[in-house]
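Tertiary structure, described
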Amino acid sequence: MTIRAVLWDIDDTIFDYRGADIAGMREHLHAEGLLDGETSVEQALGRWQRATALHWARFAAGEVDFPGQRRDRVRTFTGLGLDDAEADAWFGRYITHYEAAWSLFPDTVPALDSLAGYRHAVLSNSASEVQEHKLRTLGVRDRFEAMVCAADLGISKPAAEAFHAACEAVGLAPHEVAYVGDEPDIDARGAVEAGLRGIWLDRTGRGGRPELVRITGLGQLPGLLAGDTRFGAPSTFG
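Presented here is a report on the structure given in the accompanying data block. Since this is a predicted model, take the numbers as computed values, not measurements.

**Overview of the packing of aromatic side chains**
To describe a pair of aromatic rings, one takes the distance between the centres and the angle between the planes. In total, this model carries 15 aromatic pairs according to the counting rule given. Ring geometry for tryptophan 48 against phenylalanine 91: centres 6.3 Å apart, planes inclined by 40 degrees, an arrangement best described as tilted. Pair noted here: tryptophan 48 is in helix H2 (residues 41–60) and phenylalanine 91 is in helix H4 (residues 84–100), with a separation of 43 residues, a long-range link. The burial state of tryptophan 48 is the same as that of phenylalanine 91; both residues are buried. Relative to tryptophan 102, the ring of tyrosine 98 lies with its centre 5.7 Å away and its plane at 85 degrees, an arrangement referred to as edge-to-face. For the residue pair tyrosine 98 and tryptophan 102, the accessibility class agrees, reading buried in each case. These aromatic residues form a ring-pair network of at least three members: Phe15, Tyr17, Trp48, Phe77, Trp90, Phe91, Tyr94, Tyr98 and Trp102. Sitting above the plane of the phenylalanine 77 ring, arginine 47 keeps its charged end 4.4 Å from the centroid.

Written as structure tokens, this is what we have:
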């Protein structure tokens with residue numbers, strides 16, 4: 001079936017979230033004086049990433065709202081009984097360092113250029129305010145005609161309703177839309193079960209999951225959408 005539009009995940013798909021998070025938290029820890037003593041940067045970063053995973057899962061399950069998951073990440077990481085204002089202030093200082101480290105993956109803009117014949121939109125499990133700011137700062141917001149985010153929709157991937165809401169935003173049936181994301185279950189499998197063409201972007205080479213369509217870089221996407229199933233073929237651009 002003909003694919004007419006590509007829906008995109010953002011974090012760790014087109015935007016290097018993990019790299020920015022690590023760099024931003026490293027600077028934040030130094031600025032806050034939280035590395036005094038014996039705790040290494042790596043240990044502290046590991047604790048932050050575990051806190052993030054824990055409370056992001058709670059947000060995705062509807063157990064906490066978007067600001068709440070941020071505050072709970074801070075409380076879990078610091079071990080302090082901070083009130084909302086104190087937790088917000090702590091997270092705000094971290095955000096300053098995090099945003100300074102923002103960058104797109106090198107293959108993002110070339111892929112979007114190569115896929116100019118398709119329509120493009122975003123489906124993210126974050127909040128539209130956050131992702132709008134991110135994409136505008138990175139200079140690519142005008143590449144996407146619509147943005148659908150879980151925090152505003154009230155439904156998160158991999159729920160079929162989230163994918164269907166994004167399809168409705170571009171006025172297309174699910175079978176006319178491909179979804180590209182870095183998580184095999186939340187993104188690719190969820191998209192397939194919702195009737196879209198799900199594509200797993202496995203940048204880190206985890207492998208496995210033969211039931212999923214898998215690429216290891218966005219340079220493989222134009223050929224895949226054009227019908228080239230040689231997923232390991234050389235990139236069609238630099």
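**Side note on the layout of surface pockets**
Here the largest pocket is characterised by a volume of approximately 1,000 Å³. The wall of the largest pocket is formed by 38 residues, among which Asp11, Asp12, Tyr17, Asp182 and Glu183 lie closest to the centre. Contributions of two or more residues to the lining of the largest pocket are made by helix H1 (17–32), H2, helix H3 (66–78), H4, helix H6 (128–137) and helix H9 (184–193). Ranked by the residues each element gives to the lining of the largest pocket, the list is headed by H2, at six residues. When the residues that make up the lining of the largest pocket are grouped by side-chain class, the tally is 15 nonpolar, seven polar and 16 charged. Quantified by volume, the second largest pocket comes out at close to 160 Å³. Along the walls of the second largest pocket sit Phe66, Arg70, Ile95, Tyr98, Glu99, Trp102, Ala127, Glu129, Val130 and His133, which together make up its complete lining. Among the elements of the structure, H3, H4 and H6 are those that each provide at least two residues to the lining of the second largest pocket. Tallied by class, residues from the lining of the second largest pocket come to six nonpolar, one polar and three charged.

About the cut-offs
Residues numbered from 1 in each chain as written. Predicted model: local features only at pLDDT ≥ 70, side-chain atom pairs only at ≥ 80, totals over all residues. Heavy atoms only, no water. Phe/Tyr/Trp six-rings, centres within 6.5 Å; stacked < 30°, edge-to-face > 60°. Helix = DSSP H or I, 4+ residues; strand = E, 2+ residues; numbered from the N terminus. Buried < 20%, exposed > 50% of the residue type's maximum accessible area, 1.4 Å probe, protein only. Lys NZ or Arg CZ within 6 Å of the ring centre and 35° of its normal. 1 Å grid on protein atoms, 1.4 Å probe; cavity = no way out; pocket = protein on both sides within 12 Å on 5 of 7 lines; lining within 4 Å. Points joined across faces, edges and corners; volume = space filled by probe spheres on them. Nonpolar A, V, L, I, M, F, W, Y, C, P; charged D, E, K, R; others polar.

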